[in-house]
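Summary of the model geometry
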Amino acid sequence: MKIGCPKEIKPQEFRVGLTPAAVTEAVGRGHEVFVETGAGLGAGFTDADYAAAGADIAPDARSVFDAAAMIVKVKEPQAPERQMLREGQLLFTYLHLAPDPDQTRDLLGSGVTAIAYETVTDAPGGLPLLAPMSEVAGRLAPQVGSWALQKANGGRGVLLGGVPGVRPANVVIIGGGVVGTAAARVAVGMGANVTVMDRSISRLSYLDDIFMGRLTTQYSSAAATADLIGTADMVIGAVLIPGAAAPKLVTRAQLGTMQPGAVLVDVAIDQGGCFETSRPTTHQDPIYEVDGIVHYCVANMPGAVARTSTQALGNATLPFVLALADKGWRGAIQDDPHLRAGLSTHGGRLTSPPVGEALGLEA
Ligand code: NAD
């Protein structure tokens, strides 16, 4: 199959859909890969790296879209990219169609067969193409939070791990899923005093088991949250209620009960945020202050570490990319109901019932 990988054009997106390692695998199986010149630079991969892996370097996006039977990307296609899609072509990328009627209309109009990373499932009921980005965001959260805790950034001037004779910082993580567990691992590693809150007892048991006493677990209730944030230096919001906006777990009034200069890191900001005072920020201007509390609410945290994120995403997408290339999309989804769960549009028809429900369209 002819596989195309254009350069991402969404602002501040430095990841790329295929790594040179993925190109090597695809070419080794007899596929042809077209990579737009400069596509990998943001993630530290040069045209020479792709050429050495066996890719054809294309001079522009148009050549990639024209040549390829399957386009592999990271972000949802932007308006100029959508104009280059066509019936019979396969698009494999993050789509997030439910809140995006314009993109949905354009994909349906183009007739493209689109498979969304974010709705591909796995046997344990997880979302294997979202999980790597949650791992990245979770591991970043204590890192960016500790930076925000520094005095020059408006924080309390507290070192996460303390020093001998001085207590470490108190870190409260609300939500112990993929993000929360990854955040806990790093916060514990940095020497903080960590508490993880969740509503799932089985999740708390799991965390209790794997961390072997190196953190505290707490059932998540409004009362427990109110109690713990009063002594927290950093609170990391990592909750998810699938298909719903994040619940607001800390109100503006509660900020007054916190220690001045404490930090809120709202990883759940892409679902609306779990603190009442959260609003999305960018890597250029990541923090702001409300009532003396520093907020970090970057909606695309993995973009900060584009190289790691590209490699992590590429590891997760590669088996699906190869299956789609080897068997064609029909054969691949026939053999794998989890990949079938990602099918969103085909030949002008919407094939994702949740997207149809969100947009009031037939699916
Ligand atoms: P997940 O499903 O693995 O974990 C969510 C956890 O939240 C679950 O364990 C669930 O039991 C728990 N939870 C639900 N309601 C709760 C409550 N009231 N109190 C405490 N815990 C509660 O999800 P995840 O992959 O860890 O993602 C967490 C959030 O991070 C999501 O909103 C996701 O979209 C977001 N995210 C953001 C970025 C970013 O760049 N900002 C990147 C990746 C993920």
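Just so it is clear, the model here is predicted, and its values are computed rather than measured.

Turning next to the sheet that holds strand β5 (residues 90–93). Spatially, the eight strands line up as an open sheet ordered β3-β2-β1-β4-β5-β6-β14-β15, and their pairing is mixed. With partners counted over all chains shown, the strands left at the sheet margins are β3 (56–58) and β15 (349–350), one partner each. Bridge count for strand β4 (residues 70–72) against β5 is three bridges, and the pairing is parallel. Residue pairing in the sheet places Val72 in a bridge with Phe92 of β5. Sheet strands in contact with helix α11 (residues 306–335) are β1 (2–5), β4, β5, β6 (113–116) and β14 (343–346), and its direction is about 150 degrees off that of β5.

Before going further, it helps to examine the sheet that holds strand β9 (residues 216–219). Across the sheet, seven strands lie side by side as β9-β8-β7-β10-β11-β13-β12; this open sheet has mixed pairing. Either end of the sheet is taken by a strand with one partner, and the two such strands are β9 and β12 (287–290). Each adjacent strand pair in this sheet contributes to an overall mean axis angle of 20 degrees, direction not counted. Bridge analysis of strand β7 (residues 170–174) against strand β8 (residues 193–198) gives five bridges, and the strand direction is parallel. Among the inter-strand pairings, Val172 is bridged to a residue of β8, identified as Thr195. Each of β7, β8, β9 and β10 (234–237) is contacted by helix α9 (residues 222–229), which is oriented at about 160 degrees to β8, the strand it contacts most.

The next point concerns empty space enclosed by the protein. In this approach a probe as big as a water molecule rolls over the atoms, and the regions it shows empty are the leftover space. If you walk through the whole model with that rule in mind, you get one cavity of 30 Å³ or more. Of the voids in this model, the largest cavity is the one considered here, and its volume is about 30 Å³. As for the largest cavity, its lining consists of Gly17, Leu18, Thr19, Ala22, Gly314, Thr317, Leu318 and Val321. When its residues are assigned to classes, the lining of the largest cavity shows four nonpolar, four polar and no charged.

A word on the packing of helix α6 (residues 131–148) against α11. Each packed pair of helices is defined by two parameters, the angle between the axes and the distance between the axes. Following both chains from N to C, one finds α6 and α11 inclined at 155 degrees, their axes separated by 8 Å at the closest point. By the angle between their directions, the pair α6 and α11 is classed as roughly antiparallel. As α6 runs across α11, the sense of the crossing is right-handed. On α11, the residues that touch Pro132, Met133 and Val136 of α6 are Ser309, Ala312, Leu313 and Ala316.

Looking now at unusual backbone geometry. Most peptide bonds take the trans form, and the phi angle of most residues other than glycine is negative. You will see that Gln12, though not glycine, has its phi angle at about 65 degrees, which is positive. Tracing the backbone through its elements, the reader meets Gln12 in the loop between β1 and α1 (20–28). Relative accessible area serves as the criterion here: at 35%, Gln12 is assigned to the partly exposed category.

Another point: the pairing of β5. Neither face of β5 is left uncovered, since the one carrying Leu90 and Phe92 and the one carrying Leu91 and Thr93 both have all their residues buried. With four bridges joining them, β5 and β6 adopt parallel strand pairing. If you follow Leu91 over to β6, its bridge partner there is Ala114. Of the crossover connections in this fold, the one passing from β5 over helix α5 (residues 101–110) to the parallel β6 is right-handed.

Analysis parameters
Residues numbered from 1 in each chain as written. Predicted model: local features only at pLDDT ≥ 70, side-chain atom pairs only at ≥ 80, totals over all residues. Heavy atoms only, no water. Pairing = 2+ DSSP bridges. Helix = DSSP H or I, 4+ residues; strand = E, 2+ residues; numbered from the N terminus. Contact = heavy atoms within 4.5 Å. Axes fitted to C-alpha atoms, helices over the stretch in contact; angles between N-to-C directions. 1 Å grid on protein atoms, 1.4 Å probe; cavity = no way out; pocket = protein on both sides within 12 Å on 5 of 7 lines; lining within 4 Å. Points joined across faces, edges and corners; volume = space filled by probe spheres on them. Nonpolar A, V, L, I, M, F, W, Y, C, P; charged D, E, K, R; others polar. Parallel < 35°, antiparallel > 145°, perpendicular 65-115°, else oblique. Left-handed = near helix turned anticlockwise from the far one by under 90°. Buried < 20%, exposed > 50% of the residue type's maximum accessible area, 1.4 Å probe, protein only. Right-handed = clockwise from strand over helix to strand, strands pointing away.

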